[in-house]
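Read off the chains here:
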Amino acid sequence: VMFRLGLTAERRGDRAAAEAAYGKALEREAQHLGALLNFAALLEDGKGQEGAPAEDPRTPQRVRELLQRALEADARRPGLTDSERTRIVKRLKGA
């Protein structure tokens, strides 16, 4: 439910609500692949962690943590395509 609220908030352009919804989705299910990936993308897309500016030094670290958790979630219960997995691994190596 919270993940879907995050998607809806993103579509409306309400980044703060999307961030909060993805965070709550992860509180309920720490390995929710969609929430991990969408939250990371939201942070990377110009808005920092929990409303902080994009230049906040914590943002790249938080994105990296979310992407690493996504790979771990995928290892437990596969949900990524090979190309998605490869793209995440490349981003982690380059970050």
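Residues numbered from 1 in each chain as written. Predicted model: local features only at pLDDT ≥ 70, side-chain atom pairs only at ≥ 80, totals over all residues. Heavy atoms only, no water.

Trainee: Tell me about the overall build of the protein, and please be specific about residues and values.
Mentor: Assigned secondary structure in the protein consists of five helices and zero strands. In sequence order, the secondary structure elements of the protein are arranged as α-α-α-α-α. Residue burial in the protein is summarised as follows: out of 95 residues, 39% are buried. A separation of at least 24 residues holds for 47% of the contacts in the protein among residues at least 6 apart in sequence. Taken as a whole, the protein presents about 5,900 Å² of accessible surface, with 51% of it coming from carbon and sulfur. (Helix = DSSP H or I, 4+ residues; strand = E, 2+ residues; numbered from the N terminus. Buried < 20%, exposed > 50% of the residue type's maximum accessible area, 1.4 Å probe, protein only. Contact = heavy atoms within 4.5 Å. Areas by Shrake-Rupley, 256 points an atom, 1.4 Å probe, with all protein chains shown as cover.)

Trainee: An account of the packing of aromatic side chains is requested, with residue identities and associated values reported.
Mentor: Any pair of aromatic rings gets described here by the distance separating the centres and the angle formed by the planes. The full count for this structure, using the stated rule, is two aromatic pairs. On the basis of an interplanar angle of 40° and a centroid distance of 5.9 Å, the ring pair of F3 and Y22 is categorised as tilted. Separated by 19 residues along the polypeptide, F3 in helix α1 (residues 2–12) and Y22 in helix α2 (residues 15–28) bring together distant segments of the chain. Between Y22 and F39, the aromatic rings sit 6.5 Å apart at their centres with planes inclined by 40°, giving tilted as the arrangement. Here Y22, found in helix α2, pairs with F39, found in helix α3 (residues 33–44); they are 17 residues apart in sequence, far enough to count as distant. Across the pair, exposure class does not vary: Y22 and F39 are buried alike. An aromatic cluster is present here, built from F3, Y22 and F39 joined pairwise through their rings. (Phe/Tyr/Trp six-rings, centres within 6.5 Å; stacked < 30°, edge-to-face > 60°.)

Trainee: Break down the nonpolar core for me, citing the residues and quoting the values.
Mentor: The nonpolar side chains of soluble globular proteins are, as a tendency, buried together. Counting residues in each nonpolar core, the largest one holds 24 residues, and the members touching the most others are Y22 and L66. For this core, the secondary-structure elements that each account for two or more residues are α1, α2, α3, α4 (58–76) and α5 (82–94). At seven residues, the largest contribution of residues to this core is made by α3. Non-local contacts of L66, meaning those with residues more than four positions away in its chain, are made with L26, L36, F39, A40 and L43. (Core = buried A, V, L, I, M, F, W, Y, C linked by side-chain atoms within 4.5 Å.)

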